[in-house]
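# Fold and geometry: a report
So the chains spell out like this:
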Amino acid sequence: MKQIVYMAGVLASVMLVNCGPKMTESSNHSGKEVTLTDVDPMPYAESITADELKEMLYVYASDEFEGRNTGEPGQKKAVAYLKDYYIDQDIPSALEDSYFQIVPESFFRAGSGIKASENVVAYIKGNTKPEEYIVISAHLDHVGVRDDGEVFNGADDDGSGTVGVLEIAEAFNKAVEAGYRPQRSIVFLHVTGEEKGLYGSRYYAENPIFPIENTVADLNIDMIGRVDDAHKDNENYIYLIGSDKLSTQLDSISTAVNNKYMNIDLDYTYNDENDPNRFYYRSDHYNFAKQGVPIIFYFNGTHEDYHKVTDTPDKINYPMLAKRAQLVFLTAWELANREDRIIVDKAP
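Note that the structure is a prediction, hence the values are computed from the model and not measured.

### Topic: the sheet that holds strand E7 (residues 215-221)
The strand order E3-E4-E6-E5-E7-E10-E8-E9 describes an open sheet built from eight strands, whose pairing is mixed. Two strands in the sheet have a free side with no partner beyond their single neighbour: strand E3 (100-103) and strand E9 (265-267). Across the sheet, the mean angle separating the axes of adjacent strands is 25° when strand polarity is ignored. Across the sheet, helix H7 (residues 199-206) is in contact with E3, strand E4 (117-124) and strand E6 (184-191); its angle to E3 comes to roughly 105°. Lying over the sheet, helix H10 (residues 318-337) contacts strand E5 (129-139), E6, E7, strand E8 (237-241), E9 and strand E10 (295-299), oriented at roughly 180° with respect to E7.

Right under this line is the structure:
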């Protein structure tokens, strides 16, 4: 996450979740005709496992990736890793000839010395509403290498979110292969330059591959692998930020999905407008929110290793990382498959 210097009722919520999904699938990897009626998404959510997340994160947050500093060789290794993952999973690029949306050097702050970089964008095309999009985002970069050669591995920030998105993509793809293609399209967006000032997400929001006006929601994951001091006695939590800022319906759906499937404690402490940390403005969802796109920011809170070389993969709570990623998948599943697009009823 960028470091700065300076409920609706339960009954109504359950009704919202029970509305979908209902559709007829006619195009999928297996070629089968499948009728989707209240399909249980849990088998696909449960394909998101602690072991797979751990295996990927020990690679992605290794010294080999040199702290994934924007525009630098380690970051290039990171985007290549992400591209290869989507190719291996047979999940297509959102672009015609590349998984990379180039963020030119000129887009970064003049005199910053930041070189051109890349967002990585893959997607699964929807079946009945393919021109409506659910974006699942995380930032792929971190802050590089310390002057003494120590690497900022960024295992939680935001290696945890990055591998979470990869596992969520795999879960959706497993559903497609079983004949359950989502109604709406799902965009897997790995943005660069977050640590430098939310550049990659701003570039996408201002130069969208898919129309912003057709973007239903952005579910942004930035740090979901640790437990903060406030929850030492109860690791079964996640901070939610922004879920009610633009759409009360999104917040109700989010709550209902969690109540139905996961029972994670949803902590809204940092959703308070008066919170001095101002986390709502400090990660990539904000560039979508500014454009009027409803968002949810999933966050485990800061900890003693935040923005330090000690943010390493051995300190990640992998069972909770898996559970939180499953929650994001299930929320995206509901948003993608419900009959009606969620309503924006608040001003950005």
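That was the structure; now back to the text.
### Quick word on the packing of helix H8 (residues 248-262) against H10
H10 packs onto H8 with a crossing angle of 125° between their chain directions and a minimal axis gap of 9 Å. Taken as axis vectors, H8 and H10 run oblique relative to one another. For the element pair H8 and H10, the recorded crossing hand is right-handed. For the pair H8 and H10, the contacting residues are Leu250, Ile253, Val257, Asn258, Tyr261 and Met262 in the first and Lys323, Gln326, Leu327, Leu330, Thr331, Glu334 and Leu335 in the second.

### Here we look at the packing of aromatic side chains
Ring pairs (aromatic) are described by centroid distance and by the angle formed between their planes. On inspection of all chains with the given rule, the structure shows 28 aromatic pairs. Ring plane angle 85° and centroid distance 5.8 Å describe the contact between Tyr85 and Tyr86, whose orientation is recorded as edge-to-face. Accessibility assignment for this pair places Tyr85 and Tyr86 in one class, buried. Here the aromatic rings of Tyr86 and Tyr99 are separated by 6.3 Å at their centres, their planes lie at 15°, and the arrangement is stacked. In this pair, Tyr86 is assigned in helix H4 (residues 73-88) and Tyr99 in the loop between H4 and E3, connecting sequence segments 13 residues apart. The residues Tyr86 and Tyr99 share a single accessibility class, namely buried. Over the aromatic face of Tyr281 sits the side chain of Arg278, whose NZ or CZ is 4.2 Å from the ring centroid.

### Points about the environment of Thr70
With respect to the helices and strands, the residue Thr70 is situated in the loop between helix H3 (50-60) and H4. C-alpha of Thr70 to C-alpha of Glu118: the two residues are 48 residues apart in sequence and 8.7 Å apart in space. Not counting residues within four places of it along the chain, the set of residues in contact with Thr70 comprises Gln75, Phe108, Ile114, Ser117, Asp141, His142, Thr192, Gly193 and Lys196. A distance of 3.5 Å separates a polar atom in the side chain of Thr70 from the backbone nitrogen of Gly193.

Each value, and the rule that gives it
- Residues numbered from 1 in each chain as written.
- Predicted model: local features only at pLDDT ≥ 70, side-chain atom pairs only at ≥ 80, totals over all residues.
- Heavy atoms only, no water.
- Pairing = 2+ DSSP bridges.
- Helix = DSSP H or I, 4+ residues; strand = E, 2+ residues; numbered from the N terminus.
- Axes fitted to C-alpha atoms, helices over the stretch in contact; angles between N-to-C directions.
- Contact = heavy atoms within 4.5 Å.
- Parallel < 35°, antiparallel > 145°, perpendicular 65-115°, else oblique.
- Left-handed = near helix turned anticlockwise from the far one by under 90°.
- Phe/Tyr/Trp six-rings, centres within 6.5 Å; stacked < 30°, edge-to-face > 60°.
- Buried < 20%, exposed > 50% of the residue type's maximum accessible area, 1.4 Å probe, protein only.
- Lys NZ or Arg CZ within 6 Å of the ring centre and 35° of its normal.
- Polar contact = N/O pair within 3.5 Å; in protein donor to acceptor, adjacent residues only side chain to side chain.

Without other data, these values stay purely geometric and don't point to any function.
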